[in-house]
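# Residue-level structural notes
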Amino acid sequence: MLEEVERWLRARSWSAADRPLEQLLEAKRQTGRTVSVVLPALDEEATVGAIVSTIRDTLMTDAAALVDELVVLDSGSTDRTAEVAAAAGAQVVHRDSILPRLPALPGKGEVLWRSLLATTGDLICFIDADLREFSATFVSGIVGPLLTDPDIQFVKAMYDRPLETGPGGIDAGQGGRVTELVARPLLNLHWPQLAGFVQPLGGEYAARRSLLERLPFPVGYGVELGLLVDALHTVGLDALAQVDVGVRKHRHQDGQALGRMAAAIYRTAQLRLTRGHLVRPRLTQFDRSEQGFIPRTTDVDTEERPPMTEIPEYAARRAA
């Protein structure tokens with residue numbers, strides 16, 4: 001590990017307990033910064049309501065008004081995600097209602113990009129909507145450094161991520177499978193300044209709007225790696241940080257879904273290494289059938305949305 005990264009780990013890695021809620025509320029009063037929390041959601045009726053309720057009951061009360069805006073951004077759910085989220089107290093916005101002149105592309109990054117137009121906060125906190133046993137420290141922990149340190153621009157959550165391996169079996173590993181097999185090797189080899197991030201692909205992170213609006217957003221699974229790499233190049237390592245929020249439990253995906261995720265992340269890295277013209281890649285996977293193994297080929301996410309500051313509707317809203 002680079003000496004620079006070792007120094008960064010000591011100076012820019014914290015625990016959520018390092019900044020009590022009272023300290024954050026005082027910092028918020030002094031700075032006047034507003035906080036928006038965004039939950040990108042697709043068919044998450046089983047978990048989204050509990051997450052919304054926890055944030056509202058803990059961080060949106062008269063006594064503890066850390067969060068000013070809580071938005072669930074639905075990307076086309078076919079279950080009761082929108083209904084459950086609204087009943088729990090979230091503002092529910094459908095992806096297609098934002099910037100309707102641009103047809104929406106499928107993918108998580110597309111939803112996060114459009115959320116900049118659906119929110120007003122100075123600080124934006126992204127939380128995945130499939131978390132179980134959710135704690136409000138996921139929000140307060142990663143928002144904290146942005147409220148208390150003007151030099152911090154982008155904060156990732158770090159946590160243990162147990163993997164259920166079977167009946168009663170738990171693997172208490174720190175990183176996900178795609179993180180360990182794809183993202184961490186890519187970062188260590190090509191962006192060694194980012195080697196200190198425990199959860200580079202984690203969906204829980206917060207940043208200043210003034211940074212996010214300047215970054216391109218990969219529309220699919222590559223969004224977390226893309227934003228992290230581009231934030232490094234835009235504001236430098238010392239403006240990035242990570243906070244330990246404990247344990248993250250969520251729904252795990254099957255091997256083929258992880259393969260598609262890995263391909264998109266590799267493609268996102270490839271684009272940032274070359275920034276040149278590349279053919280649109282495709283990924284072939286195999287399904288077992290009565291006739292043997294059947295190939296199934298899908299496109300790898302390659303589209304990216306431009307920095308939001310280049311969108312006329314966003315510029316007009318900011319000028320109003």
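Attention here is on the structure that accompanies the text. Please read all numbers here as calculations on a predicted model, not as lab measurements. Per-chain numbering applies: the sequence of each chain, read as written, is numbered from 1 onward. For this predicted model, a pLDDT threshold of at least 70 governs which residues receive local features, and a threshold of 80 or more governs which side-chain atom pairs are given and counted, while totals over whole chains, interfaces and linings are taken from all residues. Each side-chain value is worked out from all heavy atoms of the structure, with water and hydrogens disregarded.

## Comments concerning the pattern of salt bridges
When a carboxyl oxygen of Asp or Glu lies within 4 Å of a side-chain nitrogen of Lys or Arg, that pair is called a salt bridge. A complete count under the given rule lists 17 salt bridges for this structure. Between R80 and E45 there is a salt bridge, with its nearest N and O atoms 3.8 Å apart. On the criterion of sequence distance, the pair formed by R80 in the loop between β3 (69-74) and α4 (81-88) and E45 in the loop between β2 (35-41) and α3 (48-59) is long-range, its members being 35 residues apart. Per-residue accessibility, obtained with a 1.4 Å probe over protein chains only, is compared with the maximum for each type, and a residue is labelled buried under 20%, exposed over 50%, and partly exposed between these values. Exposure remark for R80: the relative accessible area of 43% places this residue in the partly exposed category. In this structure, the salt-bridge partner of D96 is R95, at a minimum N-O distance of 2.9 Å. Taking the relative accessible area as the measure of exposure, R95 reaches 13% and is therefore buried. Each helix is a run of DSSP H or I of at least 4 residues and each strand a run of E of at least 2, with the numbering of both proceeding from the N terminus.

## Details of the side chain of D149
With respect to the helices and strands, the residue D149 is situated in the loop between α6 (137-148) and β7 (154-160). Buried charge D149 goes without a salt bridge, the closest partner of opposite sign being R12 at 4.2 Å. Polar contacts involving the side chain of D149 include one to the main-chain amide nitrogen of D151, which spans 2.9 Å. Only four residue types enter the tally: Lys and Arg on the positive side, Asp and Glu on the negative side; His and the chain ends are excluded. In the analysis that follows, any N or O atom pair within 3.5 Å is treated as a polar contact, provided that within protein one partner can donate a hydrogen and the other can accept it, and provided that, for residues neighboring in sequence, both atoms belong to side chains.

## Concerning the nonpolar core
Residues enter a nonpolar core if they are buried and are Ala, Val, Leu, Ile, Met, Phe, Trp, Tyr or Cys, with the set joined through side-chain atoms within 4.5 Å. With 48 residues, the main nonpolar core has F154, V178, L194, F217, L225, L240 and I265 as its most contacted residues. Listing elements by their share of this core, those giving two or more residues are β3, α5 (108-118), β5 (123-126), α7 (177-190), β10 (205-208), α8 (209-212), α9 (223-235) and α10 (255-274). Broken down by element, the residue count for this core peaks at 7 residues, all from α9. Grouped together as the second largest cluster of nonpolar side chains are 45 residues, L24, F138, V139 and L147 included.

## Some words on the packing of α7 against α10
Lines fitted to the C-alpha atoms define the axes, with helices restricted to the stretch that makes contact. Angles between their N-to-C directions range from 0 to 180 degrees. Axis separation between α7 and α10 bottoms out at 9 Å; the angle between their running directions is 10 degrees. Considered as vectors, α7 and α10 are oriented roughly parallel to each other. Of α10, the residues touching α7 (which contributes R177, V178, V182, L186 and H190) are L258, M261, A262, I265, Y266, A269 and L273. Note on residue classes: Ala, Val, Leu, Ile, Met, Phe, Trp, Tyr, Cys and Pro are nonpolar, Asp, Glu, Lys and Arg are charged, and everything else, Gly too, is polar. Of the residues belonging to the contact of α7 with α10, the class tally is 10 nonpolar, 1 polar and 1 charged. For classification purposes, angles smaller than 35 degrees are called roughly parallel, those larger than 145 roughly antiparallel, those between 65 and 115 roughly perpendicular, and all remaining angles oblique. Note on contacts: a residue pair is in contact if any heavy atoms of the two residues lie within 4.5 Å.

## Description of the environment of Q193
Within the secondary structure, Q193 is located in the loop between α7 and β10. The exposure class assigned to Q193 is partly exposed, which follows from its relative accessible area of 27%. For the pair formed by Q193 and R12, sequence separation is 181 residues and the distance between their alpha carbons is 13 Å. For Q193, the contacting residues outside a window of four places in its chain are L2, E4, V5, L232 and L237. Within the structure, the side chain of Q193 is placed 2.9 Å from the side chain of E4, a separation counted as a polar contact.

Interpretation note: all reported values are geometric properties and have no functional meaning in isolation.
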